[in-house]
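Each chain is listed here by its residues.
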Amino acid sequence: MTSRRDLFRSAVLGGGASVVAATALGSLGPEAAFANTAPGVEPGAPDPNFAEGRIRSIKDNTLLVLGSNMVIHNIRVVDGTSLWKLGPVGFDQAKPGDGLYARGVRMPDGVLAAESVWLNIVNIKGHIKNITDKKLHLDHNGHEVVCHVVAGKSVAVHSESPPSSDLSMLKVSQHVQILGAWRPDTNEVDIATVFSPH
């Protein structure tokens, strides 16, 4: 049986950048960013099919990324690549300075052919210090993070309820978890989802 990784590798190596629809590769949503470590990778060893860092430059369909460990990554975006930046986006939304996580297939030349790229994704927990017009002020480990409600994008998930654009149930001092997109070089985040236990 062919795995989605084998399917992706053969499509990329075959030059078929118009390869496979992203949905054929399985879940490429934000929850998959850290899942699926490559088989055969020793615990604690770096996963060759995963990269993280900040975009230094963009040339054609390749991102030059400086990792937090000072390793340079070349990440190629192809037609089958899924990109996320507060929601599914096109390649034109990737900008120098954006932080990213990428998962894909390492090519023989060392380039990572990306299956999925998450731009500026953050997943933080804390308690709400204040609620102002279209903003939640979150205390995250003693640091304030200003979380912006984005019309048409931001939703709240209360306990076991389905996602709702109604964020009025959120209260000061409540503990929440926020999935969103960081505004580079700030303490500000655009909200994709606010999870509250009750």
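Since this is a predicted model, take the numbers as computed values, not measurements.

A. The overall build of the protein chain, seen in detail. Summing up its helical and strand segments, the protein chain has one helix and eleven strands in all. The buried share among the 198 residues of the protein chain stands at 42%. If you take every contact in the protein chain between residues at least 6 apart in sequence, the share linking residues at least 24 apart comes to 56%. For the protein chain, the exposed surface amounts to about 10400 Å²; the carbon and sulfur share of it is 55%.

B. Spotlight on the environment of Ala-114. Structurally, Ala-114 is set in strand 5 (residues 112–119). We classify Ala-114 as buried; its relative accessible area is 0%. Taking C-alpha positions, Ala-114 is 8.9 Å from Phe-50, a pair spaced 64 residues apart along the chain.

C. Quick peek at the sheet that holds strand 2 (residues 62–66). With mixed pairing, five strands are arranged side by side around a closed barrel as 1-2-3-5-4. Adjacent strand axes in the sheet meet at a mean angle of 55°, parallel and antiparallel pairs treated alike. Sheet topology note: the strand 1 (residues 50–59)/strand 2 ladder contains five bridges and is antiparallel. Across the sheet, the residue bridging to Ile-58 is Leu-63, located in strand 2.

D. Region of the structure containing the layout of surface pockets. In this structure, the second largest pocket encloses a volume near 200 Å³. Taken together, 15 residues line the second largest pocket, and the ones lying closest to its centre are Lys-134, Lys-135, Val-149, Leu-167 and Ser-168. Counted by class, the lining of the second largest pocket contains seven nonpolar, five polar and three charged residues.

E. Fine view of the pairing of strand 1. Strand direction decides the pairing type here: strand 1 and strand 4 (residues 99–106), joined by five bridges, are antiparallel. The partner of Glu-52 across the bridge, within strand 4, is Tyr-101. Remark: two residues form the turn of the hairpin made by strand 1 and strand 2, two consecutive strands paired antiparallel; Asp-60 in that turn has positive phi of roughly 55°.

F. Looking closely at unusual backbone geometry. Of note, Met-70 is a non-glycine position whose phi angle comes to about 70°, a positive value. Using a relative accessible area of 61% as the deciding quantity, one classes Met-70 as exposed. Its identity as a non-glycine residue notwithstanding, Leu-86 has a phi of 70°, on the positive side. Inspection of the secondary structure puts Leu-86 in the loop between strand 3 (72–84) and strand 4.

G. Representation of the pairing of strand 10 (residues 175–182) in the model. Across seven bridges, strand 6 (residues 121–132) lies against strand 10 in antiparallel orientation. When the bridges of strand 10 are listed, His-127 appears paired with His-175. If you look at the hairpin formed by strand 10 and strand 11 (residues 188–196), you'll find five residues sitting between the two strands, and Asp-185 has a positive phi there, around 65°.

H. Region of interest: the side chain of Thr-193. Mapped onto the secondary structure, Thr-193 falls in strand 11. Accessibility expressed as a relative area gives 13% for Thr-193, which makes it buried.

I. A look at the pattern of salt bridges. Per the counting criterion, the structure on display carries five salt bridges. In this structure, Arg-54 and Asp-185 form a salt bridge, with 3.1 Å as the shortest nitrogen-oxygen distance. Placement of the pair is Arg-54 in strand 1 and Asp-185 in the loop between strand 10 and strand 11, with a sequence separation of 131 residues. Taking the relative accessible area as the measure of exposure, Asp-185 reaches 62% and is therefore exposed. Salt-bridge contacts for Asp-98 lead to Lys-85; the nearest nitrogen and oxygen are separated by 2.9 Å. Note that Asp-98 is positioned in the loop between strand 3 and strand 4 and Lys-85 in the loop between strand 3 and strand 4, a separation of 13 residues in sequence. Residues joined by salt bridges that share partners form a network here, namely Arg-183, Glu-188 and Asp-190.

Cut-offs used in this document
- Note that residues are indexed from 1 along each chain, following the sequence as it is written.
- Thresholds applied to this predicted model are a pLDDT of at least 70 for local features of residues and 80 or more for the giving and counting of side-chain atom pairs; totals over whole chains, interfaces and linings are not thresholded and use all residues.
- Note that water and hydrogens are dropped before the side-chain values are worked out from all heavy atoms of the structure.
- Secondary structure elements follow DSSP: runs of H or I no shorter than four residues count as helices, runs of E no shorter than two count as strands, and numbering proceeds from the N terminus.
- Three exposure classes are used, based on accessible area relative to the maximum for each residue type with a 1.4 Å probe and protein chains only: buried under 20%, partly exposed in between, and exposed over 50%.
- Contacts are residue-level and defined by heavy atoms, with any inter-residue pair within 4.5 Å sufficient.
- Computed with the Shrake-Rupley method and a 1.4 Å probe, the accessible areas treat only the protein chains shown as cover for residues.
- Any two strands with at least two DSSP-identified bridges between them are counted as paired.
- Interaxial angle, 0 to 180 degrees, is taken between N-to-C directions of lines fitted to C-alpha atoms, where a helix line uses only the stretch in contact.
- Cavity: a set of points on a 1 Å grid over the protein atoms alone where a 1.4 Å probe fits but cannot get out. Pocket: an open set with protein on both sides within 12 Å along at least five of seven lines, its lining residues, like those of a cavity, having an atom within 4 Å of a point.
- Grid points are joined across faces, edges and corners, and a volume is the space filled by probe spheres set on the points.
- As a working rule, the residues Ala, Val, Leu, Ile, Met, Phe, Trp, Tyr, Cys and Pro are called nonpolar, Asp, Glu, Lys and Arg charged, and the rest polar, with Gly in that last group.
- Any carboxyl oxygen of Asp or Glu within 4 Å of a side-chain nitrogen of Lys or Arg constitutes a salt bridge here.

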